[in-house]
Amino acid sequence: MPSSIAVIRMSGPQSLSIISECFEKPASIAHRKAVHGKLFYHWNEIDDIVLIFYSAPESYTGEDMVEIFSHGNPIIIKKIIDLLIRRGARFAEPGEFTRRAFQNGKLDLTAAEAINRIVKARGDWEISAALSQMHGSLRQKINSLRESLILMKADVESGIDFSEEDIQFLSNDDAILRMQHIHNSLSEILDRCRIGEKISHGIDIPIVGRPNVGKSSILNLILNAERAIVSEIPGTTRDLIRETVQFAGYHVNLFDTAGIGIPGCEIERLGIDLTRKKIDDASILILVIDVSADSTNSDKEILASSREKSCIVLGNKVDLIPENRRKAHLTLLENELSVQILPFSAKTGEGLAILEKKVGEMLISQLPEQRNFFFADQIMIKSLADAKQKACSIQKLFSRGEPPEIISFELQSLIDLLHEITGEITSEDVLNSIFNRFCIGK
Ligand SMILES: Nc1nc2c(ncn2[C@@H]2O[C@H](COP(=O)(O)OP(=O)(O)OP(=O)(O)O)[C@@H](O)[C@H]2O)c(=O)[nH]1
Ligand SMILES: [Mg+2]
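Conventions and cut-offs
Residues numbered from 1 in each chain as written. Chains lettered and ligands numbered in written order. Predicted model: local features only at pLDDT ≥ 70, side-chain atom pairs only at ≥ 80, totals over all residues. Near = placed C-beta within 6 Å. Helix = DSSP H or I, 4+ residues; strand = E, 2+ residues; numbered from the N terminus. Nonpolar A, V, L, I, M, F, W, Y, C, P; charged D, E, K, R; others polar. Buried ≥ 20, exposed ≤ 12 C-beta atoms within 10 Å, placed from the backbone. Core = buried A, V, L, I, M, F, W, Y, C linked by C-beta atoms within 7 Å. Pairing = 2+ DSSP bridges. Contact = placed C-beta atoms within 7 Å. Domains from an automatic or database assignment. Axes fitted to C-alpha atoms, helices over the stretch in contact; angles between N-to-C directions. Parallel < 35°, antiparallel > 145°, perpendicular 65-115°, else oblique. Left-handed = near helix turned anticlockwise from the far one by under 90°.

**Student:** Quick one: what's the story with the site of ligand 1, residue by residue and with numbers?
**Tutor:** Around ligand 1 sit 23 residues, and of these Gly-214, Ser-216, Ser-217, Thr-237 and Gly-259 come closest. When residues of the shell around ligand 1 are assigned to their parent elements, the largest contribution, 3 residues, is made by helix 8 (residues 215-223). Considering only residue class, the shell around ligand 1 consists of 6 nonpolar, 12 polar and 5 charged.

Below you can see the structure in the form of structure tokens.
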């Protein structure tokens, strides 16, 4: 796809010599200075470019790096890449730039994970949490726990050295309390990583109600696209239709569902089963009723099944009620169904802004401290869960008064686990699992 500008990045010790061979003014290339000039292949000009050279170690990867800003025509981009490859460069693997940055000590694994999320984030909150993790929010937490553990291990080992003289550097009660604190902190970090997972996966919000109330019309209105079939025939939607949108600042998976009523055929019945399952699994629901028709037992049944959830009840088709009768009509329905109804019209868009605001409020209340959630790879989450488990077992070792040699050994293995999370100790498999999820060029 053409764009106005493209950026082509090259990293490694030969970057400078490769670019110098094809740039018209090689002598003007200097560290962190933008220089403008022609790029040539055998005296043929390929493009007019701006380039920036970063001298190692002051670059993203920690190696010599060149960034070429060219025009964004794919033909030009291809020619530049071909030219660099002919001169000795090669295509980067997914995430290779960040992997090299990690290997050169420019960032730790928690920051690498955050950078991947910044590129892929689909909601405002996700971006701000990923930025804060890139700046060290998760690393600092892990490092501070590790420092406490190192001090504790030193205290335990001092107890070993001086055991003959009966000097106790760390009382058992004190140690148990400190381990409890570490266990709680690990537990909190793990919870925040799980919230991060949930937010990245997107929060599921099904749109439910009896047939023909306007669920598909509402999905289409939110998406601003004709995604689901709308018709006046009840039972039009029979399957779950999932669409991911940025709604209320979050990455949300909206589901249009089959209307819950008396099924006319086996397919409708299967669709209704899927809807009921979706209601059970979701924590936030958009429940639709048709205010232009009388409420039915199906409306009441659906409301009853969503009592435990955060639920927004939309009174759709409000455009069909004359303005002067609206208030009285809605109050009557609210009393009959014992819920608060948001007047809505998929036809005119009335109520959409309030719906978005309410969804945002519900997400905020369900995701406490969301600004502070973290992003972790599955392997990091596993290491965190193992670390939490280990903290718990070390606490028990202290309670049972086990010998300091054993406790010290276990403390060291907990310290090592924390090293794995930030990446000081890592296997090739872990690195592959993390960086293979990156896109090429990052
Ligand atoms: N006047 C008016 N008509 C609407 C509104 N929303 C939906 N309709 C109409 O109501 C009918 C049913 O709409 P759908 O969106 O297909 O309803 P649904 O709930 O998805 O129906 P099923 O898939 O059969 O369960 C269609 O004829 C829509 O044009 C609205 O806000 N105002
Ligand atoms: Mg439908």
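**Student:** I'd like a description of helix 3 (residues 96-103), backed by residues and values.
**Tutor:** Counting buried residues along helix 3, 6 of its 8 residues qualify, which places the element largely inside the surrounding structure. Every buried residue belonging to helix 3 is among Phe-97, Thr-98, Arg-99, Arg-100, Ala-101 and Phe-102, and all of these are buried.

**Student:** I'd like a description of the nonpolar core, backed by residues and values.
**Tutor:** Grouped together as the largest cluster of nonpolar side chains are 83 residues, with contacts concentrated most on Ile-205 and Leu-287. At 8 residues, the largest contribution of residues to this core is made by helix 7 (residues 172-201).

**Student:** Tell me what's going on with the pairing of strand 2 (residues 34-41), and back it up with residues and numbers.
**Tutor:** Across 8 bridges, the pairing between strand 2 and strand 3 (residues 44-54) is antiparallel. Among the inter-strand pairings, Lys-38 is bridged to a residue of strand 3, identified as Asp-48. The hairpin turn running from strand 2 into strand 3, its antiparallel successor, is 2 residues long, and His-42 in that turn takes a positive phi close to 50°.

**Student:** Can you lay out the environment of Lys-153 for me, pointing to particular residues and giving the numbers?
**Tutor:** With respect to the helices and strands, the residue Lys-153 is situated in helix 6 (residues 137-161). The sequence separation of Lys-153 and Pro-404 amounts to 251 residues, and the corresponding C-alpha distance is 9.1 Å. Not counting residues up to four positions away in its chain, the partners in contact with Lys-153 are Ser-408, Leu-411 and Gln-412.

**Student:** So what's going on with unusual backbone geometry? Residues and values would help.
**Tutor:** Note the cis peptide between Ala-56 and Pro-57, where omega equals 0°. Relative to the helices and strands, Pro-57 resides in the loop between strand 3 and strand 4 (65-72). Although it is not a glycine, Arg-32 sits at a positive phi angle of roughly 55°. Relative to the elements of secondary structure, Arg-32 occurs in the loop between helix 1 (15-22) and strand 2. Residue class for Arg-32 comes out exposed when judged on the 10 C-beta atoms lying within 10 Å of it. Of note, Trp-43 is a non-glycine position whose phi angle comes to about 70°, a positive value. Mapped onto the secondary structure, Trp-43 falls in the loop between strand 2 and strand 3.

**Student:** Could you give an account of the pairing of strand 5 (residues 203-209), naming the residues involved and the relevant values?
**Tutor:** In terms of burial, strand 5 is largely enclosed, as 6 of its 7 residues are buried. In this structure, strand 5 lies alongside strand 7 (residues 250-256), joined through 5 bridges in parallel fashion. For Asp-204, the partnering residue across the bridge sits in strand 7 and is Asn-253. Taken together, the 3 bridges between strand 5 and strand 8 (residues 284-290) define a ladder with parallel strand orientation. Residue pairing across strands places Ile-207 opposite Ile-286, the latter belonging to strand 8.

**Student:** I'd like to hear about the domain arrangement of the protein chain, residue by residue, with values.
**Tutor:** Taken domain by domain, the protein chain comprises domain 1 (3-91) and domain 2 (202-370). Taken over C-alpha atoms, the centre of domain 1 sits 53 Å from the centre of domain 2.

**Student:** How would you sum up the packing of helix 4 (residues 109-120) against helix 5 (residues 124-134)? Please name residues and give values.
**Tutor:** Axis separation between helix 4 and helix 5 bottoms out at 8 Å; the angle between their running directions is 155°. Judged on the interaxial angle alone, helix 5 and helix 4 are roughly antiparallel. The chirality of how helix 4 crosses helix 5 is left-handed. Note on element contacts: helix 5 touches helix 4 through Glu-126, Ile-127, Ala-130, Leu-131, Gln-133 and Met-134, opposite Thr-110, Ala-111, Ala-114, Ile-115, Arg-117 and Ile-118. Of the residues contributing to the contact of helix 4 with helix 5, the split by class is 8 nonpolar, 2 polar and 2 charged.

**Student:** Break down the environment of Glu-334 for me, with residues and values.
**Tutor:** Tracing the backbone shows Glu-334 in helix 11 (residues 323-337). A C-alpha to C-alpha distance of 42 Å links Glu-334 and Lys-120, two positions 214 residues apart in sequence.

**Student:** Please set out the sheet that holds strand 1 (residues 3-11) residue by residue, giving values where relevant.
**Tutor:** Strand order in this open sheet of 4 strands is 1-4-3-2, and the pairing throughout is antiparallel. Only two strands of the sheet have a single neighbouring strand rather than two, namely strand 1 and strand 2. Taken pair by pair, the neighbouring strands of this sheet meet at an average axis angle of 35°, ignoring direction.

**Student:** Could you give an account of the environment of Lys-278, naming the residues involved and the relevant values?
**Tutor:** Structurally, Lys-278 is set in helix 9 (residues 266-281). Measuring from C-alpha to C-alpha, the distance between Lys-278 and Leu-384 comes to 30 Å, with 106 residues separating the pair along the chain.

**Student:** Got a sec to walk through the packing of helix 13 (residues 378-399) against helix 14 (residues 404-422)? Specific residues and values, please.
**Tutor:** Taken N-terminus to C-terminus, the directions of helix 13 and helix 14 make an angle of 165°; their axes are 9 Å apart at the nearest point. With respect to helix 14, the element helix 13 is oriented roughly antiparallel. Remark: the crossing between helix 13 and helix 14 carries left-handed chirality. Each of Met-380, Ser-383, Leu-384, Asp-386, Ala-387, Lys-390, Ala-391, Ile-394, Leu-397 and Phe-398 in helix 13 lies in contact with helix 14, whose residues at this interface are Ile-406, Ile-407, Glu-410, Leu-411, Ser-413, Leu-414, Leu-417, Leu-418, Glu-420 and Ile-421. Residue composition of the contact of helix 13 with helix 14, grouped by class: 14 nonpolar, 2 polar and 4 charged.

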